[in-house]
Amino acid sequence: MDEMTDRVEDEPLMLTPGPATLSMRVKRAMLHDYASSEEKMLATIAFCRKYLLDLCNGQGTHTVVPIVGSGTSGTEATIGSFVPENGKLLIHTNGVYGDRLIEVARKIRTPYASFRTAPYTPPTAQQFEDALTADPAITHVMVVHCETSTGIFNPIEAIAEVCRRMGKSLLIDAVASFGAFELDAKKLAYDAVVCSANKGLQAPPGLAFIVAKKAALEEAKGNAHSLTLDLWDQNQHLDRTGMFRFTPATHLLLGMAEALREHAEEGGLPARQERFRRSWRRLVDGMRQMGFRTLLEDDVASPIVATFHDPPDPNYSFKKLYDGMKQRGFIIFPGRLAAANTFRIACIGVVTEHDIGRALDALADTLREMGVTQMGRTD
Ligand SMILES: *Cc1c(COP(=O)(O)O)cnc(C)c1O
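Residues numbered from 1 in each chain as written. Predicted model: local features only at pLDDT ≥ 70, side-chain atom pairs only at ≥ 80, totals over all residues. Heavy atoms only, no water.

1. Some words on the sheet that holds strand β14 (residues 342-346)
- Reading across from one edge, β11-β14-β13 is the order of the 3 strands in this open sheet, with antiparallel pairing throughout. Among the strands making up the open sheet, the edge pair consists of β11 (305-309) and β13 (333-334).
- Across 2 bridges, the pairing between β13 and β14 is antiparallel. Pairing of phenylalanine 333 across the sheet is with arginine 344, part of β14.
- Running over the sheet, helix α11 (residues 268-290) touches β11 and β14 and is turned about 10° from β11. (Pairing = 2+ DSSP bridges. Helix = DSSP H or I, 4+ residues; strand = E, 2+ residues; numbered from the N terminus. Contact = heavy atoms within 4.5 Å. Axes fitted to C-alpha atoms, helices over the stretch in contact; angles between N-to-C directions.)

As structure tokens, then:
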């Protein structure tokens, strides 16, 4: 066991943007069997809902609806539950996860319009205003907070301000950022924020949580396209009985609750963000020193994941880099279509600045073994 982070040492450390490496403590918390209606299970669910609500300052105005499934189940439940048949959703995209929202809307036949902006620069409030002015039928806007395919942060406050001014409901995919970045329910006044267990919250994958404005959720009765993904129904059942409608992911909920206690003990949101920032700074500085180029300028990048251009060296292949890093104890991620010829290294999970230092050494070692000397920087 690694003393500092209490994890199994011979398992590679995942430097991937979800699922994230869990602490041994979170894994151990799952070694128990409980029936759905047992007191311990009800208390666990209530604790998770309250913790997440407090985390985004949602007391009174909002409620937290947990569902079984990955982050995409959360976005699908949100689109299906909140946008009524006679409504219309405007989806912004500048990457893979924005594209996925469009795919969800198309698949479940939600009326929608979409607009795309450049992947390397954040959209402006004016672009949202123009899109909304062009189509008065739009009732809801959905946007990704941290677009994990590149790491870019979209300007959520400015977008929320446009929605408020123009009377549109705001839905946010904050799957990557929730728990490490502020998404204040009162300030942003969103109808819904989607988060999942397995990214910044460092809990096991398989649960999604939707922070929903109570008034909007009341109005959402009967909207849902799906039985299992009906947030209104799941919420009223939880409020009445404390239980999921169908079998809850009992072990995952135990892991989630432990991960949230860990989050609190670390110092809550500010401390989590600070750790990610320190790791990310070390990573980006170290990679630049080696000669790598980042996809994004630092001022628009989130410290959740960093994207690097592939070295132009003919000896480079991502497969060899991946294998070499895995042999040395680290899992890294390929780039996505939004940014071809790149690879990504993430800072979430039980990862410290010290681990990033070791990963940089492993990377330098792997590149040496591959015979890669040109990393792409020409200055
Ligand atoms: C990870 C992620 C999702 C959800 O992906 P799943 O594969 O369903 O877990 C959605 N949006 C963003 C921004 C993400 O980072």
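2. Let's talk about helix α4 (residues 96-107)
- With 12 residues, α4 should reach 16 Å at 1.5 Å per residue; the first-to-last C-alpha distance of 16 Å fits that figure.
- Buried within α4 are the following residues: Val96, Tyr97, Gly98, Leu101, Ile102, Val104 and Ala105.
- Check the buried side of α4 and you find it contacts α3 (71-82), β3 (89-93), β4 (112-116), β5 (140-144), β6 (146-147) and β8 (169-173).
- In the stretch just after α4, arginine 109 is the one whose phi turns positive, near 60°. (Expected span 1.5 Å × (residues − 1). Buried < 20%, exposed > 50% of the residue type's maximum accessible area, 1.4 Å probe, protein only.)

3. Side note on the layout of surface pockets
- Computed from the structure, the second largest pocket encloses a volume of approximately 240 Å³.
- Along its surface, the second largest pocket is lined by 18 residues, and Gly71, Thr72, Tyr97, Val175 and Lys199 are the ones closest to its centre.
- Among the elements of the structure, α3 and α4 are those that each provide at least two residues to the lining of the second largest pocket.
- Class assignment for the residues of the lining of the second largest pocket results in 7 nonpolar, 8 polar and 3 charged. (1 Å grid on protein atoms, 1.4 Å probe; cavity = no way out; pocket = protein on both sides within 12 Å on 5 of 7 lines; lining within 4 Å. Points joined across faces, edges and corners; volume = space filled by probe spheres on them. Nonpolar A, V, L, I, M, F, W, Y, C, P; charged D, E, K, R; others polar.)

4. Regarding the sheet that holds β4
- With mixed pairing, the 7 strands of this open sheet are ordered in space as β2-β10-β9-β8-β5-β3-β4. On the outer flanks of this sheet lie β2 (62-68) and β4, each paired with one strand and no other. Direction aside, the axes of adjacent strands within the sheet are offset by 20° on average.
- Inspection of the sheet shows β5 paired to β8 by 5 bridges, in the parallel sense. Directly across from valine 144, in β8, lies its bridge partner aspartate 173.

5. Topic: the domain arrangement of the protein chain
- Here the domain parsing of the protein chain yields domain 1 (2-21 + 268-370) and domain 2 (25-265).
- A separation of 27 Å is found between the C-alpha centroids of domain 1 and domain 2.
- If you look at the interface, domain 1 gives 29 residues, while domain 2 gives 33 residues.
- Between domain 1 and domain 2 lies a buried interface of about 2500 Å² when both sides are counted; carbon and sulfur atoms form 58% of it.
- Across the salt bridge formed by lysine 27 and glutamate 11, the nearest N and O atoms sit 4.0 Å from each other.
- Here domain 1 is connected to domain 2 by 10 residue pairs in polar contact (both at pLDDT 80 or more).
- Contributions of two or more residues to the side of domain 1 that touches domain 2 are made by α11 and β11.
- Broken down by element, the side of domain 1 that touches domain 2 gets its largest block of residues, 7 residues, from α11.
- For the side of domain 1 that touches domain 2, the residue count by class is 16 nonpolar, 6 polar and 7 charged. (Domains from an automatic or database assignment. Buried area = accessible area lost by both parts, 1.4 Å probe. Salt bridge = Lys/Arg side-chain N within 4 Å of Asp/Glu carboxyl O. Polar contact = N/O pair within 3.5 Å; in protein donor to acceptor, adjacent residues only side chain to side chain.)

6. A look at the site of the ligand
- Taken together, the residues surrounding the ligand are Ser70, Gly71, Thr72, Tyr97, Arg100, Val144, Cys146, Thr148, Asp173, Val175, Ala176 and Lys199.
- Take threonine 148: an N or O atom from its side chain is 2.4 Å from an oxygen atom of the ligand.
- For the ligand, a nitrogen atom lies 2.7 Å from a polar atom in the side chain of aspartate 173.
- In isolation the ligand exposes 380 Å². Once the protein is present, 86% of that is buried.
- When atom positions are compared with the pocket grids, the ligand is found to occupy the second largest pocket.
- Where the shell around the ligand is concerned, the elements lending two or more residues are α3 and α4.
- Considered class by class, the residues forming the shell around the ligand number 5 nonpolar, 4 polar and 3 charged. (Near = heavy atom within 4 Å. Areas by Shrake-Rupley, 256 points an atom, 1.4 Å probe, with all protein chains shown as cover. Sits in = over half its atoms within 2 Å of the grid points.)

7. Comments concerning the state of the cysteines
- Throughout the structure, instances matching the rule amount to 0 disulfides.
- Cysteine cysteine 347 shares no disulfide, and the gap to the nearest cysteine sulfur, in cysteine 146, comes to 11 Å.
- Judged by its relative accessible area of 0%, cysteine 347 is buried. (Disulfide = S-S within 2.5 Å.)

8. Remarks on the packing of aromatic side chains
- On inspection of all chains with the given rule, the structure shows 8 aromatic pairs.
- With 6.4 Å between their ring centres and 70° between their planes, phenylalanine 292 and phenylalanine 308 make a pair best called edge-to-face. On the criterion of sequence distance, the pair formed by phenylalanine 292 in the loop between α11 and β11 and phenylalanine 308 in strand β11 is long-range, its members being 16 residues apart. Each of the two residues, phenylalanine 292 as well as phenylalanine 308, counts as buried.
- Residues phenylalanine 308 and phenylalanine 343 carry aromatic rings whose centres are separated by 5.7 Å and whose planes lie at 35° to one another, so their mutual orientation is tilted. Taken together, the residues span a long stretch of sequence, with phenylalanine 308 in strand β11 and phenylalanine 343 in strand β14 at a distance of 35 residues.
- Residue phenylalanine 308 is classed as buried on the basis of its relative accessible area of 0%.
- Directly above the aromatic system of tyrosine 97 lies the positively charged group of lysine 199, at a separation of 5.3 Å from the ring centroid.
- It is arginine 261 that lies over the ring of phenylalanine 47; its NZ or CZ is 5.4 Å from the centre. (Phe/Tyr/Trp six-rings, centres within 6.5 Å; stacked < 30°, edge-to-face > 60°. Lys NZ or Arg CZ within 6 Å of the ring centre and 35° of its normal.)

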